[in-house]
Structure formats: structure tokens, C-alpha cells
Amino acid sequence: MGNHLILANWKSNKSVIEALGWLKMLNISETNLENKEVIVCPSFTALQEVSKFVAENSLPVKIGTQDVSPFKEGSYTGEINAIQIKEFAKYVLIGHSERRENFHEDDNVLANKVSIAVSSGVIPIYCVSDVGMKIPSEVKIVAYEPLSAIGTGNSDTPEDANSVAKAIKDANANITSVLYGGSVTPENVANFTKMENIDGVLVGKASLDASDFSKIVQNA
Ligand code: 13P
């Protein structure tokens, strides 16, 4: 098992000024980060400035995006492609339930996103909301986010999340890491990260506040 991944998914929130303010308030140091990798996923509008700030201040933070085009570069008005993402980000979230539901992304579209991300050198973090969902074979990192736990304050039990994580690994030989997401807080994060089959967390609401997210990183 590699590092635990601790992700901030800001979703559709934060101006550039707010994003930079968050980075200034982030209170993590390399010494607290043994076996942890911290990843921030801003909106595309803040991607360049966040990436520049992280580099200039040598913050121990990697960058991810929340989506990627299912197409390569070309005549796809409005899309951000994987080569463009690669300029700034190491990771990309693919298949978040909010995109499946609100933007009707299906298994075919998601498989295209995964292929193009992988061939462009961006690492997909593939989101599923239950154990039976199809996972493209190139995926190595999965985030398990049960619908009942997203944004509700009702997190899954660590035992249930652990058994789903194990089942996902058992069913997919290529998967090295399974993260848990859904109402993760500074108070409950360690209950998840201490479980044998859970390799990190994907944090929504509690990641919007730099102090809460710093505590999540410290407690994970
Ligand atoms: P919350 O942490 O707000 O429940 O969101 C989880 C999520 O969807 C992260 O991708």
C-alpha cells in the first residue's frame, strides 16, 4: 500500500482570490505528512493560479481537476482536454456522482475520459457510489462515495466502507487504492483512514474551510 491520499474537492466553489486565500491559510507542514499526499482539486478557473502559488511557495500539495473532456484536443467548444490539464495537474476526478446525475455521464463517456487521461499522463481517480459499478481496467485509484453520505452529514460506517473497499479491490486486480468520500470531517476522518482497506479520503464540504481541511490532514 502506498501513501494515503487526502483530497479536497472544492466542487463548483471559490473565486481565484478565495482559492489563494485558502492556500495561504492551509496549515500543514512536510513533517506532518509522513505517508500522506495532499491533493487540491479547484475549479478550472483557479487552476493556473493555484498551481503557480503551490510551486512558488513550495507547498506540499499536488493538484487535481474535477473533470476532463472525453475528447482529445480539437473542435469541442467549451471542453478542457487532458493535455491542457497535464500542464497543471497530476490527478483528475472522473465519474463523480454529481456529474453522472446532473450531466448524464455514462460508462462509455467515463471510459473515454479514463483512457484519454491515462494516455496523457494524468492519473484518474474514479468515483463509484456502490460496489457493483463498472470500473475501466486502466483505473488504479477508486473513490467510494455512497450517495446517502454525500453532503448529508451522514457518513457511512467505517466498517461498511472498509468492506466495500475490500470488495472493490478483490474484484479488480489493477486497483491499488480505494478512498472513502461522504461527509468526512476532522472528527471522523481517522475512523476511516485507520481501516485496512481504505487508502485515503475525498472531502467535499469540509474541504472548503482551510482550517477544517488542515485538521483533516493532521488527523488522517
Ligand atoms: P461531502 O464531503 O460534502 O459529503 O462531499 C463528498 C464528495 O462528494 C467529495 O467528492
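Residues numbered from 1 in each chain as written. Predicted model: local features only at pLDDT ≥ 70, side-chain atom pairs only at ≥ 80, totals over all residues. Heavy atoms only, no water.

Engineer: Would you mind showing me how to read the overall build of the chain here?
Structural biologist: Secondary structure assignment for the chain yields eight helices and eight strands. By the compact-globule yardstick of 17 Å for 220 residues, the chain fits well, its C-alpha radius of gyration being 16 Å. Across its three principal axes, the chain shows a C-alpha extent of roughly 45 × 40 × 30 Å. The 220 residues of the chain split such that 51% are buried. In the chain, 68% of the contacts between residues at least 6 apart in sequence involve partners at least 24 apart. (Helix = DSSP H or I, 4+ residues; strand = E, 2+ residues; numbered from the N terminus. Rg over C-alpha atoms; globule rule 2.2 N^0.38 Å. Buried < 20%, exposed > 50% of the residue type's maximum accessible area, 1.4 Å probe, protein only. Contact = heavy atoms within 4.5 Å.)

Engineer: Help me understand the site of the ligand in this model?
Structural biologist: Around the ligand, the surrounding shell consists of Asn-9, Lys-11, His-96, Glu-145, Ala-149, Ile-150, Gly-151, Gly-182, Ser-183, Leu-202, Gly-204 and Lys-205. Between Lys-11 and the ligand, the recorded distance is 2.8 Å, taken from a side-chain N or O atom to an oxygen atom. Gly-204 is positioned such that a nitrogen or oxygen atom in its backbone is 2.9 Å from an oxygen atom of the ligand. Relative to its unbound accessible area of 310 Å², the ligand is 97% covered by the protein chains. According to the grid-proximity analysis, the pocket containing the ligand is the second largest pocket. Residues that form the shell around the ligand fall into these classes: three nonpolar, six polar and three charged. (Near = heavy atom within 4 Å. Polar contact = N/O pair within 3.5 Å; in protein donor to acceptor, adjacent residues only side chain to side chain. Areas by Shrake-Rupley, 256 points an atom, 1.4 Å probe, with all protein chains shown as cover. 1 Å grid on protein atoms, 1.4 Å probe; cavity = no way out; pocket = protein on both sides within 12 Å on 5 of 7 lines; lining within 4 Å. Sits in = over half its atoms within 2 Å of the grid points. Nonpolar A, V, L, I, M, F, W, Y, C, P; charged D, E, K, R; others polar.)

Engineer: What am I meant to see in the nonpolar core here?
Structural biologist: What tends to happen in soluble globular proteins is that the nonpolar side chains get buried as a cluster. By size, the foremost hydrophobic cluster in this structure holds 56 residues, and its most contacted members are Trp-22, Ile-168 and Phe-213. The element best represented in this core is helix α2 (residues 44–56), accounting for five residues. Setting aside chain neighbours within four positions, we find Phe-213 in contact with Ile-6, Leu-7, Ala-8, Trp-22, Leu-26, Val-38, Val-203, Ala-206 and Ser-207. Counting residues in each nonpolar core, the second largest holds twelve residues, with Leu-5, Tyr-91, Leu-93 and Cys-127 among its members. (Core = buried A, V, L, I, M, F, W, Y, C linked by side-chain atoms within 4.5 Å.)

Engineer: Before we go on, may I ask you to explain helix α1 (residues 16–25) in this structure?
Structural biologist: Three or four residues apart is the spacing at which side chains of an α-helix point the same way, because the helix has 3.6 residues per turn. Restricting attention to buried positions, one finds in α1 the residues Ala-19, Leu-20, Trp-22 and Leu-23. Projected onto a plane normal to the axis of α1, the buried residues spread over an arc of 155 degrees and lie on a single side. Opposite the buried face of α1, by more than 90 degrees, sit the exposed residues Ile-17, Lys-24 and Met-25. (Arc of directions from axis to C-beta.)

Engineer: Help me understand helix α8 (residues 210–219), please; the structure alone is not making it clear to me.
Structural biologist: Listed in full, the buried residues belonging to α8 are Ala-210, Phe-213, Ser-214, Ile-216 and Val-217. Looking straight down α8, one finds its buried side chains confined to an arc of 155 degrees; they lie on one side. At its buried positions, α8 is contacted by β1 (4–9), α1, β2 (36–41), α7 (189–193) and β8 (200–203). Where α8 begins, one side-chain oxygen reaches toward the backbone nitrogen of Ser-211, 3.1 Å away; that side chain belongs to Asp-209.

Engineer: What is the right way to read the layout of surface pockets from this model?
Structural biologist: Rolled over the atoms, a probe as big as a water molecule pinpoints where empty space is left. One number sums up the size of the largest pocket: a volume of about 410 Å³. Along the wall of the largest pocket there are 18 residues; nearest its centre are Lys-11, Ser-12, Gln-66, Asp-67 and Arg-99. A total of three residues in the lining of the largest pocket trace back to one element, the largest contributor, which is helix α4 (residues 97–102). The computed volume of the second largest pocket comes to approximately 250 Å³. Contributing to the lining of the second largest pocket are 18 residues, with Gly-151, Ser-183, Gly-204, Lys-205 and Ala-206 lying nearest its centre. The class makeup of the residues in the lining of the second largest pocket is five nonpolar, ten polar and three charged. (Points joined across faces, edges and corners; volume = space filled by probe spheres on them.)

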